[in-house]
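Report on the structure
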Amino acid sequence: MSGNLSKEEIEYLLNLEKNCKSSQKYIFPSLGGKIEIELSSTDKKEDFLLDVWRSHIDLTRTKFQNRARNTIPILRLDINSAPHKNPDGVQLGGTHFHIYREGYGDKFAYPLPDEFADCKSPGEFLEKFMDYCHIIKKPIIEEDLFV
């Protein structure tokens, strides 16, 4: 992780409306795969990346991440991941969010917001994650048979 963003900067970046830069179609990653999709703010002043990872072994273990300025992870959704222990000692297991926090980067995990309660598949989680990240012009991501 590089950079140290203030609480105000992170709120600004999280709330910016974002658009996919490309009109190409992406394939949801197969086991052990990853895709990286370029995004920009609607005013084109800020660049972002949307990362989508799949576990090598567990079909249900998936991660979605929104990075600002190419290197700063501002929001990550870990689905069916190993337990995570926060710097303050609080432990979360299974599916949880990581939100950038001043002085800690993405080291703190949080319970899922209510918007994700009905999600059952990685594709549904991805759609909600893109909404949560304020991605307006979403990338076209086709699911394979194993998603």
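First, a word on scope: everything that follows refers to the structure included in this document. Since the model is a prediction, treat every value here as computed from it, not as a measurement.

Parameters and conventions
- Note that residues are indexed from 1 along each chain, following the sequence as it is written.
- Reporting of local features is limited, given that this is a predicted model, to residues whose pLDDT is at least 70; pairs of side-chain atoms are given and counted only at 80 or more, and all residues count toward the totals for whole chains, interfaces and linings.
- Side-chain numbers here rest on the full set of heavy atoms in the structure, without hydrogens or water.
- When the centres of two rings from Phe, Tyr and Trp lie within 6.5 Å, Trp using its six-membered ring, the rings pair. Their planes under 30 degrees apart give stacked, over 60 give edge-to-face, and anything left gives tilted.
- Only protein chains enter the calculation, and the probe is 1.4 Å; a residue is then buried if its accessible area is under 20% of its type maximum, exposed if over 50%, and partly exposed in between.
- Counted as over-ring charges are cases with an Arg CZ or a Lys NZ within 6 Å of the ring centre that also lie within 35 degrees of the ring normal.
- Note on pairing: DSSP must find at least two bridges between two strands before they are called paired.
- Strands are runs of DSSP state E lasting at least two residues, helices are runs of H or I lasting at least four, and both sets are numbered from the N terminus onward.
- Here, two residues are considered to be in contact whenever any of their heavy atoms come within 4.5 Å of each other.
- For every element, the axis is a line fit to its C-alpha atoms; helices are fit only across the contacting stretch, and the angle between N-to-C directions ranges from 0 to 180 degrees.

On inspection of all chains with the given rule, the structure shows 9 aromatic pairs. For the pair phenylalanine 116 and phenylalanine 125, a centre-to-centre distance of 6.4 Å together with 15° between the ring planes defines the contact as stacked. Exposure class is identical for phenylalanine 116 and phenylalanine 125. Each is buried. An aromatic cluster of three or more residues is present, and its members are Phe28, Phe64, Phe97, Phe116, Phe125, Phe129 and Tyr132. Here lysine 18 stacks its cationic end above the ring of phenylalanine 48, 4.8 Å away from the centre of that ring. Lying over the aromatic face of phenylalanine 108, arginine 101 brings its terminal NZ or CZ to 3.8 Å of the ring centre.

An order of E8-E7-E6-E5-E4-E3-E1-E9 is seen for the 8 strands of this open sheet, with the pairing classed as mixed. Lying at the two open borders of the sheet, with one neighbouring strand each, are strand E8 (109–110) and strand E9 (135–137). Bridge count between strand E5 (residues 62–68) and strand E6 (residues 72–85): 7 bridges; the pairing is antiparallel. Across the sheet, the residue bridging to lysine 63 is aspartate 78, located in E6. Helix H1 (residues 7–15) contacts strand E1 (18–20), strand E4 (47–54), E5, E6 and strand E7 (91–99) of the sheet and is inclined by roughly 85° relative to E6. Helix-sheet contacts for helix H2 (residues 122–132) involve E4, E5, E6, E7 and E9, and the interaxial angle to E5 is about 20°.

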